2 protein chains.
Amino acid sequence: MAKEKKMVEAITSMDEDFAQWYTDIVKKAELSDYSSVKGCMIIKPAGYAIWENIRNELDKRFKATGVENVYLPMFIPESLLEKEKDHVEGFAPEVAWVTQGGLEPLQERMCVRPTSETLFCDFYAHDVHSYRDLPRNYNQWASVVRWEKTTRPFLRSREFLWQEGHTAHATAEEAQERTEMMLNVYADLCEDFLAIPVIRGRKTDKEKFAGAEATYTIESLMHDGKALQSGTSHNFGDGFAKAFNIQYLDKDNKLKYVHQTSWGMTTRMVGAIIMVHGDNNGLVLPPKVAPTQVMIVPIQQAKEGVLDKAFEVKEVLSNFRVKVDDSDKSPGWKFSESEMRGIPVRVEIGPRDIAENQAVLVRRDTHEKITVSLDEIAAKVGELLETIHHDMFERAKAHRDSHTYVATTLDEMKEIAENKPGFIKAMWCGNQECEDKLKEVVGVTSRCIPFNQEHLADTCVCCGKPATKMVYWGKAY
Amino acid sequence: MAKEKKMVEAITSMDEDFAQWYTDIVKKAELSDYSSVKGCMIIKPAGYAIWENIRNELDKRFKATGVENVYLPMFIPESLLEKEKDHVEGFAPEVAWVTQGGLEPLQERMCVRPTSETLFCDFYAHDVHSYRDLPRNYNQWASVVRWEKTTRPFLRSREFLWQEGHTAHATAEEAQERTEMMLNVYADLCEDFLAIPVIRGRKTDKEKFAGAEATYTIESLMHDGKALQSGTSHNFGDGFAKAFNIQYLDKDNKLKYVHQTSWGMTTRMVGAIIMVHGDNNGLVLPPKVAPTQVMIVPIQQAKEGVLDKAFEVKEVLSNFRVKVDDSDKSPGWKFSESEMRGIPVRVEIGPRDIAENQAVLVRRDTHEKITVSLDEIAAKVGELLETIHHDMFERAKAHRDSHTYVATTLDEMKEIAENKPGFIKAMWCGNQECEDKLKEVVGVTSRCIPFNQEHLADTCVCCGKPATKMVYWGKAY
């Protein structure tokens, strides 16, 4: 058992050094690798398969709400990027510029899209004419580039994969409805599919998207008590429509501006899965997103009939994503490898099990072992995957709730921020000065103004003036 | 019926002006639109949905052969692009260069990938160590950029979507096997899924991929007699491995270079579908790739019971991709719209049909009308879709075969090239001088050296020296 011990030992404990623990899992579970392109990552098969499952599930849920996929160019001419004032200020400092095409310098430089609002607006401006053309519920799966100074695999990378939805509506109400609908699609995906509980709410004006009227967000809490913005949905009102002149002829024969939204989720969710569910043995994958849900490990596989039985069991479990590890490694090595990769259920089966018509199921999340009859293994594995999803969600929620604190004074807030990593709920007057001060003095940013408001106090935690909102604060990725 | 007549009239006849006919279909069937980014296209929902179906089907077929998906950066540092001499010469003149990231100029400029051999090689050089790490059968779905001077939607665009597979193997034999395997995956997809017959063969050295030892291709013939290279698969031997130093420790404890392949298929297949199957009424989609396979058009839909029945039939046909057009347009308008969009089967159902418990199926490809009982409509539609696929393939094949000519002398070849658009089969001595001369004098390029060789003559069609190969020649997109 020396080898697999070494494999596990090679992971830094998360209590010792969380950042290193994260990096170790990324490397050891073979999710991603560094590339020769500074700040850009390579997504390896194990990491890409997770993203692929997220993508397929999201895409299905988008389409169920009437969304259609399209593809727009990856380049944005500088003059187009500059059309909406707030937007260009937000993005221009962090884009990559293409200045030469083929052997000749470009007449106008273009950036690689950091996001595609300007391209969609330019498209809608000549594609939308009448109320009959609305709504436009378009989405694209693409990669985008933001020239970040410090990067980390999945969490912050100069290039990342995402989807960006861009819609145009006849009325403000419809746009608001779509904005909230998509936030809920993200929230439901996180909770139902990734077993990650989220807080749904709105961003403060300071934290909203460059050019948006309102940004909505879902925020999740990592093991280390830091928050991760996990999906955002923006209502642009008619700001972009006015900048790009996107008008339609309404039923009343009047020209009106459209109302727009955009919404996105990225490969950083792979990072969220690591940091919400992982443990000191490696990755722990929620069953619904796991590329392999069940790994069958034959014991004494050289003995006659063992491998045959293992593949027989695989057949029986073919409703799940199941593999047999028939490599020439030792069972112990296989155990620790399947642990490292986060496979939800391991099936151990050897000569003695076969003699008794049974197998042992081992849960990745709790290490619990359950002996089951081979006659009912398919049903048992199905139930177990459900249970694991449920338990993982509840554990993540319990962790979040036990790391959510209330502060009613600035001193209290400072004390919590210094000693207790997690969310801090506190009242706020609504002024950006207080937000700025909390960042400077306490070191936290506003994560969101949750839809579920609570009345914790009458006054702002910072300035003592009358409070208007309860806000989640925290340190964030 | 005036409106729909107008809609159809708006398409240029393919016999009058094939290029304009193509452009009209792209626009009228809403497949693609021009963008403000010169030379880059917008893929609209109807076009993207076709690509999505091709992608999903190809991806499934790739995975069945053991391929895994990954994602590598979109940028290539100049020094990396330059590592393989032939490769850089082939691609450097047509790439887009990024020279600035954020507010600062880059120390080394990077191009946006035109293809990713160099990135995969750089990755494999540090990722592959032992024979146990082989084979690496990786693929990525991505967009690439080639700075073309003249562009056309789907056929030639400065940015296009594709997949690129990049594999590394222990032996030359394995690499050759993979190269041919993937060419066959493409060929089978074209024939079984897109109803497009292809010629499988090898490119001449002149036409092979920059840096490859051998390039294999599938070639299809468009309505206008021009060829379209529809998928390529390259065997690199160990050329790239030597340039990038990709070595592995073999079982015999010796360091050896890997053998590599790459293979790709692109969004230009959407263009192939248009130009192989389309007619003067618009797009004609092969049933398997059609995003909507069946469009139900209710007749006199305002009459009680008609719409209900239409949606009932939709339920009955739910094994297919089926829609009801319940818009307020006239039936005639709906007919011509569903024709324009290429939907394989239209179901017409009105009060009289309902009274007789029947509906009329209309084939897009032949306009044939078939009255069927509602009791057996699901089975009949299933059979009809099969028949349509089969007939579309056979028609395309008959067209290709009747536009494939044999030339044994240069004069004969010139005469054919001038008057009979299509493939020209002719013997070749194997020298590039003759290939160059045929391009200059006859205006054709070598499309491929087909696997199915025929002996048409003893001598080269160009120089009269002994022939070594039978080659397909033609004008190409």
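Within each chain, residues carry numbers counting from 1 in the order of the written sequence. Chains carry letters and ligands carry numbers; both start at the beginning, A for chains and 1 for ligands, and go up in the order they are written. Per-residue local features are limited, in this predicted model, to residues with pLDDT of at least 70; the limit for side-chain atom pairs, both in listing and counting, is 80 or more; totals at the level of whole chains, interfaces and linings are taken over all residues. The side-chain figures draw on all heavy atoms in the structure; neither hydrogens nor water molecules are used.

Here's the deal with the confidence of the model for chain A
Each residue carries a pLDDT value, the predictor's own confidence for that position, ranging from 0 to 100. With 98% of its residues at a pLDDT of 70 or more, chain A shows a mean pLDDT of 96. Note that pLDDT drops below 50 for residues 1-5 of chain A; the model gives that stretch six contacts with residues more than four away or on any other chain. For this analysis, residues touch if any pair of their heavy atoms sits within 4.5 Å.

Quick look at helix α15 (residues 432-441) of chain B
All names here are of chain B. Every buried residue of α15 is listed here: Cys434, Glu435 and Leu438. The arc that holds the buried residues of α15, viewed along the axis, is 105°, so those residues lie on one side. In this structure, α15 carries Glu433 and Glu440 as exposed residues pointing more than 90 degrees from its buried face. Going along the chain from the N terminus, every DSSP run of H or I of four or more residues is numbered as a helix, and every run of E of two or more is numbered as a strand. Next to the buried residues of α15 lie α14 (410-419), β21 (423-428), β22 (445-450) and β23 (469-474). Two residues or fewer after α15 comes Gly443, characterised by a positive phi angle close to 85°. Throughout this description, buried means an accessible area under 20% of the type-specific maximum (1.4 Å probe, protein chains only), exposed means over 50%, and partly exposed covers the range between. To be clear, the arc concerns the directions from the helix axis to the C-beta atoms.

Some thoughts on the domain arrangement of chain A
Residue and element names in this part refer to chain A. For every domain, the bounds stem from an assignment made automatically or drawn from a database. Assigned domains of chain A: these are domain 1 (11-277), domain 2 (294-387) and domain 3 (404-474). Just the C-alpha atoms count here: the centres of domain 1 and domain 3 sit 27 Å apart. Contacts between the two partners involve 18 residues from domain 1, matched on the other side by 16 residues from domain 3. A simple way to read buried area is as the amount of 1.4 Å-probe accessible surface that goes missing from two parts once joined, with both sides added. Summing both sides of the interface, domain 1 and domain 3 together bury roughly 1500 Å²; the carbon and sulfur share of this comes to 65%. In this structure, Lys206 and Asp436 form a salt bridge, with 2.8 Å as the shortest nitrogen-oxygen distance. For this analysis, a polar contact is any N or O atom pair within 3.5 Å, provided that within protein one partner can donate a hydrogen and the other can accept it, and provided that sequence-adjacent residues contribute only side-chain to side-chain pairs. The tally of links from domain 1 across to domain 3 stands at eight residue pairs in polar contact (both at pLDDT 80 or more). Take a side-chain nitrogen of Lys or Arg and a carboxyl oxygen of Asp or Glu: if they are within 4 Å of each other, that pair is a salt bridge.

Some remarks on the packing of aromatic side chains
Any pair of Phe, Tyr and Trp rings, taking the six-membered ring for Trp, is counted once the centres come within 6.5 Å. Such a pair is stacked with planes under 30 degrees apart, edge-to-face with planes over 60 apart, and tilted for the rest. Per the counting criterion, the structure on display carries 36 aromatic pairs over all chains. With centroids separated by 5.4 Å and ring planes inclined at 55°, the aromatic side chains of A:Phe91 and A:Phe209 adopt a geometry described as tilted. Of this pair, A:Phe91 sits in helix α5 (residues 85-91) while A:Phe209 sits in the loop between β9 (199-202) and β10 (214-221), and the two are 118 residues apart along the sequence. A relative accessible area of 5% places A:Phe91 in the buried class. Accessibility expressed as a relative area gives 13% for A:Phe209, which makes it buried. Summarising the aromatic geometry, the rings of B:Tyr216 and B:Phe451 are spaced 5.9 Å apart at their centres and angled 40° between planes, so their arrangement reads as tilted. One end of the pair, B:Tyr216, is in strand β10 (residues 214-221); the other, B:Phe451, is in the loop between β22 and β23, with 235 residues separating them in the sequence. Every member of this aromatic cluster is reached through a ring pair, and the members are A:Trp51, A:Phe62, A:Trp141, A:Tyr186 and A:Trp263.

Some remarks on the interface of chain B and chain A
Between chain B and chain A, the contact holds 54 residues from the first and 54 residues from the second. Summing both partners gives a buried area of about 4400 Å² for chain B against chain A, and 61% of it is carried by carbon and sulfur. At the boundary of chain B with chain A, the tally comes to six salt bridges. Two residues, B:Arg132 and A:Asp328, come together in a salt bridge whose shortest N-O distance is 3.9 Å. Seen at the junction of chain B and chain A, the total is 26 residue pairs in polar contact (both at pLDDT 80 or more). With five bridges joining them, strand β5 (residues 96-101) of chain A and strand β5 (residues 96-101) of chain B adopt antiparallel strand pairing. Considered in β5(B), the bridge of A:Trp97 is made with B:Gln100. Two strands make a pair as long as DSSP finds a minimum of two bridges between them.

Looking at the UniProt feature "domain: Aminoacyl-transfer RNA synthetases class-II family profile" (unreviewed entry) in chain A
UniProt positions are given in the numbering used here, feature names are shortened, and annotations may be inferred rather than shown by experiment. Residues given the UniProt feature "domain: Aminoacyl-transfer RNA synthetases class-II family profile" (unreviewed entry) here are residues 45-286 of chain A. In the segment residues 45-286 of chain A, helix accounts for 33% and strand for 32%; the C-alpha atoms at its two ends are 18 Å apart.

Comments concerning the packing of helix α2 (residues 18-28) of chain A against helix α9 (residues 268-277) of chain A
Residue and element names in this part refer to chain A. Running from N to C, α2 and α9 cross one another at 120°; their axes reach a closest spacing of 11 Å. As the angle between them shows, α2 and α9 are arranged oblique. Helix-helix and strand crossings are classified by hand; for α2 and α9 the assignment is right-handed. On α9, the residues that touch Phe18, Trp21, Tyr22, Ile25 and Val26 of α2 are Gly271, Ile274 and Met275. As a rule, the C-alpha atoms of each element are fitted with a line to give its axis, helices using only the stretch in contact, and angles between N-to-C directions run from 0 to 180 degrees. Here is the rule for angles: anything less than 35 degrees is roughly parallel, anything more than 145 is roughly antiparallel, 65 through 115 is roughly perpendicular, and the remaining ranges are oblique. Helix crossings are classified by the rotation of the near helix relative to the far one: an anticlockwise turn of less than a right angle makes the crossing left-handed, while a clockwise turn makes it right-handed.

Points about the sheet that holds strand β19 (residues 369-373) of chain A
All names here are of chain A. If you trace the five strands from one edge of the open sheet to the other, you get β16-β15-β17-β18-β19, paired in mixed fashion. Of all the strands in the sheet, just β16 (322-324) and β19 have a single pairing partner and so form its edges. On average, adjacent strands in this sheet sit at an angle of 25° to one another, irrespective of strand direction. Contacting β15 (294-298), β16 and β17 (345-349), helix α10 (residues 306-316) crosses the sheet at an angle of about 165° to β15.

Some details on the pattern of salt bridges
All names here are of chain B. For the structure shown, the criterion picks out 68 salt bridges over all chains. With its nearest N and O atoms 3.4 Å apart, the salt bridge here joins Asp238 to Lys242. According to the relative accessible area criterion, Lys242 is partly exposed, its value standing at 48%. The salt bridge involving Lys369 is made with Glu348; its shortest N-O contact spans 3.9 Å. You can see Lys369 sitting in strand β19 (residues 369-373) and its partner Glu348 sitting in strand β17 (residues 345-349), a full 21 residues away along the chain. Judged by its relative accessible area of 54%, Lys369 falls in the exposed class.

Brief notes about the relation of the copies chain B and chain A
Overlay of chain B on chain A (RMSD 0.0 Å): rotation 180°, translation along the axis 0.0 Å. Such a combination of rotation and displacement between the chain copies is what one expects of a two-fold axis. Residues of chain B ranked by C-alpha distance from the rotation axis are headed by B:Val98, positioned 2.1 Å from it. A share of 100% of the interface residues of chain B reappears at the interface of chain A, consistent with the copies meeting face to face through the same patch. What sets the superposition is a least-squares fit of C-alpha atoms, and only residues with pLDDT of at least 70 in both copies go into it.

Points about the sheet that holds strand β6 (residues 104-112) of chain B
Strand order in the open sheet formed by six strands is β4(A)-β6(A)-β5(A)-β5(B)-β6(B)-β4(B), with antiparallel pairing between adjacent strands. Of all strands in the sheet, those bounded by a partner on one side alone are β4 (75-77) of chain A together with β4 (75-77) of chain B. Pairs of neighbouring strands in the sheet enclose a mean axial angle of 45°, with direction left out of account. For β5(B) and β6(B), the ladder comprises four bridges, and the chain directions are antiparallel. Its bridge partner being in β6(B), B:Gln100 is matched across the sheet by B:Pro105.

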